[in-house]
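What follows is each chain in one-letter form.
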Protein chains: 2
Amino acid sequence: MKTDTSSLEIIKSTTSKLDQTKLDKLVFGEIFTDHMLECDYENGKWKTPKIKPYGPIELMPSAKVFHYGQAVFEGMKAFKDEDDKIWLFRPEENFKRINVSGARLAIPEFPKDYFFNGLEELLKIDKEWIQKGFGNSLYIRPFVIATEECVSAAPSTKYKFMIICSPAQAYYSGEVRVKFSETFSRAADGGVGYAKAAGNYAAQFHPTNLAKEEGFQQIVWTDANTHEYLEEAGTMNIFFRVGDKLLTAPTSDRILDGVTRKSIITLAEEFNIPVEVRKVSVKEIVEAARKGELKEMFGAGTAAVINPIVGFGHKGEKFELPKLEDTYASFFKDKLMKIQYNQAEDRYGWRYEVKQ
Amino acid sequence: MKTDTSSLEIIKSTTSKLDQTKLDKLVFGEIFTDHMLECDYENGKWKTPKIKPYGPIELMPSAKVFHYGQAVFEGMKAFKDEDDKIWLFRPEENFKRINVSGARLAIPEFPKDYFFNGLEELLKIDKEWIQKGFGNSLYIRPFVIATEECVSAAPSTKYKFMIICSPAQAYYSGEVRVKFSETFSRAADGGVGYAKAAGNYAAQFHPTNLAKEEGFQQIVWTDANTHEYLEEAGTMNIFFRVGDKLLTAPTSDRILDGVTRKSIITLAEEFNIPVEVRKVSVKEIVEAARKGELKEMFGAGTAAVINPIVGFGHKGEKFELPKLEDTYASFFKDKLMKIQYNQAEDRYGWRYEVKQ
Ligand SMILES: Cc1ncc(COP(=O)(O)O)c(C=O)c1O
Ligand SMILES: Cc1ncc(COP(=O)(O)O)c(C=O)c1O
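The notes below deal with the structure included here. Computed from a predicted structure; not experimentally measured.

Residue and element names in this part refer to chain A. In the vicinity of ligand 1 lie 16 residues, with Lys196, Tyr201, Glu232, Thr260 and Thr302 positioned nearest. A distance of 2.5 Å separates an oxygen atom of ligand 1 from a polar side-chain atom of Lys196. Interatomic distance of 2.5 Å between a side-chain N/O atom of Glu232 and a nitrogen atom of ligand 1. Isolated, ligand 1 exposes 390 Å² of accessible area, and the fraction of that covered by the protein chains is 97%. The pocket occupied by ligand 1, as judged from atoms lying within 2 Å of grid points, is the largest pocket. Of all the elements in the fold, those that place two or more residues in the shell around ligand 1 are helix 5 (259–270) and strand 18 (294–301). Within the shell around ligand 1, the residues separate by chemical class into five nonpolar, seven polar and four charged.

What follows deals with the layout of surface pockets. Volume-wise, the largest pocket comes out at about 1,000 Å³. Looking at the largest pocket, it is lined by 50 residues, and the ones nearest its centre are Tyr171, Gln218, Thr235 and Ala303 of chain A together with Ala153 of chain B. Contributions of two or more residues to the lining of the largest pocket are made by strand 9 (137–146), strand 10 (159–168), helix 4 (198–213), strand 12 (218–222), strand 13 (229–233), helix 5 and strand 18 of chain A. When the residues that make up the lining of the largest pocket are grouped by side-chain class, the tally is 26 nonpolar, 17 polar and seven charged. Within this model, the second largest pocket holds a volume of roughly 890 Å³. Taken together, 44 residues line the second largest pocket, and the ones lying closest to its centre are Ala153 of chain A together with Tyr171, Gln218, Gly234 and Thr235 of chain B.

So, about empty space enclosed by the protein. Gaps left between atoms are located by rolling a probe of water-molecule size over the structure's atoms. Throughout the structure, instances matching the rule amount to seven cavities of 30 Å³ or more. Forming the walls of the largest cavity are 25 residues, and the residues nearest its centre are Val192 and Asn200 of chain A together with Arg186, Val192 and Asn200 of chain B. Only helix 4 of chain A together with helix 4 (198–213) of chain B provide two or more residues apiece to the lining of the largest cavity. Of the residues in the lining of the largest cavity, the class split is 12 nonpolar, 11 polar and two charged.

Let us look at the relation of the copies chain A and chain B. Of the two same-sequence chains, chain A is brought onto chain B (RMSD 0.0 Å, axial shift 0.0 Å) by a rotation of 180°. A rotation of that kind, with that shift, is consistent with a two-fold axis. Here 100% of the interface residues in chain A have copies in chain B that are interface residues too; the copies meet face to matching face.

We now examine the packing of helix 5 of chain A against helix 7 (residues 328–340) of chain A. Residue and element names in this part refer to chain A. Relative to each other, helix 5 and helix 7 sit at 105°, their axes nearing to 11 Å. Between helix 5 and helix 7, the angle is such that the two are roughly perpendicular. Across the interface between the two elements, Thr260, Ser263, Ile264, Leu267 and Ala268 from helix 5 touch Phe332, Lys335, Leu336 and Ile339 from helix 7. Residues that form the contact of helix 5 with helix 7 fall into these classes: six nonpolar, two polar and one charged.

Another point: the pairing of strand 20 (residues 317–320) of chain A. For a regular strand, the rule is simple: side chains alternate between the two faces of the sheet. Residue and element names in this part refer to chain A. In this sheet, strand 20 lies alongside strand 19 (residues 305–314) in antiparallel orientation, the contact comprising four bridges. Within strand 20, the residue paired with Phe312 across the bridge is Phe319. With antiparallel pairing between neighbouring strands as the criterion, strand 19 and strand 20 make up a hairpin whose turn holds two residues, including Lys315 at a positive phi of roughly 45°.

Before going further, it helps to spend a moment on helix 5 (residues 259–270) of chain B. Residue and element names in this part refer to chain B. If you check helix 5, its first and last C-alpha atoms are 17 Å apart, about what 12 residues at 1.5 Å a residue would give, namely 16 Å. Taken residue by residue, helix 5 has Val259, Thr260, Arg261, Ser263, Ile264, Ile265, Leu267 and Ala268 as its buried positions. Asn272 lies just past helix 5 and shows a positive phi near 55°.

Looking now at the pattern of salt bridges. Residue and element names in this part refer to chain A. Here the structure, examined in full by the defined rule, presents 52 salt bridges over all chains. Taking the shortest distance from any N to any O, the salt bridge between Glu38 and Lys160 comes out at 2.8 Å. Residue Glu38 is found in strand 2 (residues 35–42), and its partner Lys160 is found in strand 10; the two are separated by 122 residues along the sequence. Here Glu38 falls in the buried class, since its relative accessible area comes to 10%. The buried category is assigned to Lys160, whose relative accessible area is 8%. The closest approach of N and O atoms between Glu276 and Lys245, which form a salt bridge, is 3.5 Å. Residue Glu276 is found in strand 16 (residues 275–277), and its partner Lys245 is found in strand 15 (residues 245–248); the two are separated by 31 residues along the sequence. Overlapping salt bridges bring together Glu38, Asp40, Lys52 and Lys160 as one network.

Reading the values: the criteria
Residues numbered from 1 in each chain as written. Chains lettered and ligands numbered in written order. Predicted model: local features only at pLDDT ≥ 70, side-chain atom pairs only at ≥ 80, totals over all residues. Heavy atoms only, no water. Near = heavy atom within 4 Å. Polar contact = N/O pair within 3.5 Å; in protein donor to acceptor, adjacent residues only side chain to side chain. Areas by Shrake-Rupley, 256 points an atom, 1.4 Å probe, with all protein chains shown as cover. 1 Å grid on protein atoms, 1.4 Å probe; cavity = no way out; pocket = protein on both sides within 12 Å on 5 of 7 lines; lining within 4 Å. Sits in = over half its atoms within 2 Å of the grid points. Helix = DSSP H or I, 4+ residues; strand = E, 2+ residues; numbered from the N terminus. Nonpolar A, V, L, I, M, F, W, Y, C, P; charged D, E, K, R; others polar. Points joined across faces, edges and corners; volume = space filled by probe spheres on them. Least-squares fit on C-alpha atoms with pLDDT ≥ 70 in both. Contact = heavy atoms within 4.5 Å. Axes fitted to C-alpha atoms, helices over the stretch in contact; angles between N-to-C directions. Parallel < 35°, antiparallel > 145°, perpendicular 65-115°, else oblique. Pairing = 2+ DSSP bridges. Expected span 1.5 Å × (residues − 1). Buried < 20%, exposed > 50% of the residue type's maximum accessible area, 1.4 Å probe, protein only. Salt bridge = Lys/Arg side-chain N within 4 Å of Asp/Glu carboxyl O.

Here's what the structure looks like:
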């Protein structure tokens, strides 16, 4: 899509909240940097993007996003290395995916140059918010919402694309136990499960609350038809280590094509870790657990990079996983983070420098 | 839930847009009355509801509704009779349903007295917007959105409940042809299809756009597992008339329990029209159409009351329905509307007067 890239409007904030922000005591997703990117779609085209002070947006209560959930988002991170260089990790994947998600929700394609120019400019302006140190990062949230002021159930004619940024520390969520879903589902065949569609997330809150009452922190979703195959968690793809073999479900129209997931698959191949991308049945995982062959389970996603899972529950039974010394989870986490923080060779061209 | 009902705050608009509004040339859902109801949830409780001039709301870009689609809504109508009395139709059903939807999305229950007192007060204040005349009405849109300013994927701690109202004329959508879905799905078993969850609607836009390119106005969704059974349309439950028998799918966790649908079933029983509530297969409907036994198809929902369907498509084949003189569609529409407009006996206690 051709767009005039010279025209990014910038209105700088006259003050900064950075001084008053405790960057060593961050709760994920609560604090935002001084600026944000905003770009409106109207009359069939995206208008000039604007960077402006982070602050409230005004919408009519009839705006379609409030009624029909026509909204998609992305999650990515910026990292600062020891030389103050700023890096993104495979940002092209997030750019492509927000448009894949958008297409499924009838949201017009966002132009590539608007995305990259806007994002990079925003990061440069708010670069002081990106903390150095292994584990620290700036979480980046691009999203699109439908803003047309009309409650008829049809695609919006107006949209707002935004990028907001939130400083993040190494993510530690405590010990995570998961429940394999038995009745509730996240996505249907032919549905929107593969999209980062806003509504997919709210749909998981209630079942997750119920799982929490049973002592689990998250749900591993199973296929809606039979509940026999393990798919993914709420915001992470899932890997299983049986013996020395790594298993993960193939992507489909029900499963998000995660950037972390596919990076792990590539690294596994590089380091000769046997990895099978295929349907993983609840039955085989339960059996492997009983036999002591289930060595590890972990989630993979941008926020936590890799989130080890220490136990799972299924049909009223609870299983604890062994505590290993050398885990695949920590191996991949270290490999990935070293690439992200410019501490290791970038063999696949995954790192993307934000030129300052 | 016990709440103090005396405390409804009212701020009246000093001007009215009614003069400048062409009530005889309305597009559905574009124009709103002078006032709206707003009620915020914070610290574990719903605060005092406010009626105030219709206008924009301010939200931070991190508000959860924008990211996770945690939002539910309702659709209902107010009618004015020849004596200027104002009537609602089975409003208790909508009140119950917004909380059923809310529970599935982890949204706290909204109190009954807030709902009814707020709605009735709002209707009284904006009563000039309700036009007399068979077919005219005021469309009422209660909805709840998640407003907590945090992008972590967990239920919001803050919400906003609102009611906005839009004057509506008799709904005529032109000739409607529907496509029976073959690949796309609306809802999963164990999912949120039975809820009026915002995200359910955006998910239908893209498949509906594709159906439009093939000459259909809407999609009749089939079960996600097999696509062999007919479920419902985007905003309407669906009825089929085969010979003199009326068929409609049972409600389930994939199908919205429509107020219009269940009212039609009750009326069918009263008027000795044979009605079967059971799984309706694509196969039997296609066969009935081939044999000339499929006499009618129609959608049932608050916006259109009843929407006759003149044809359908399946696997590349198109079917046109016969043009009958006396249709069930017009029979039920007339019966329902006469009850709604206080022109017929209300045998089931469906009418609800808004005391002025
Ligand atoms: C449903 C879902 N699955 C998996 C992931 C992991 O994807 P990625 O590695 O691209 O962050 C995410 C989060 O982004 C997600 O929302
Ligand atoms: C998905 C869906 N099905 C059916 C209906 C019809 O329900 P009701 O008759 O209560 O308006 C609606 C609209 O309200 C709907 O959104």
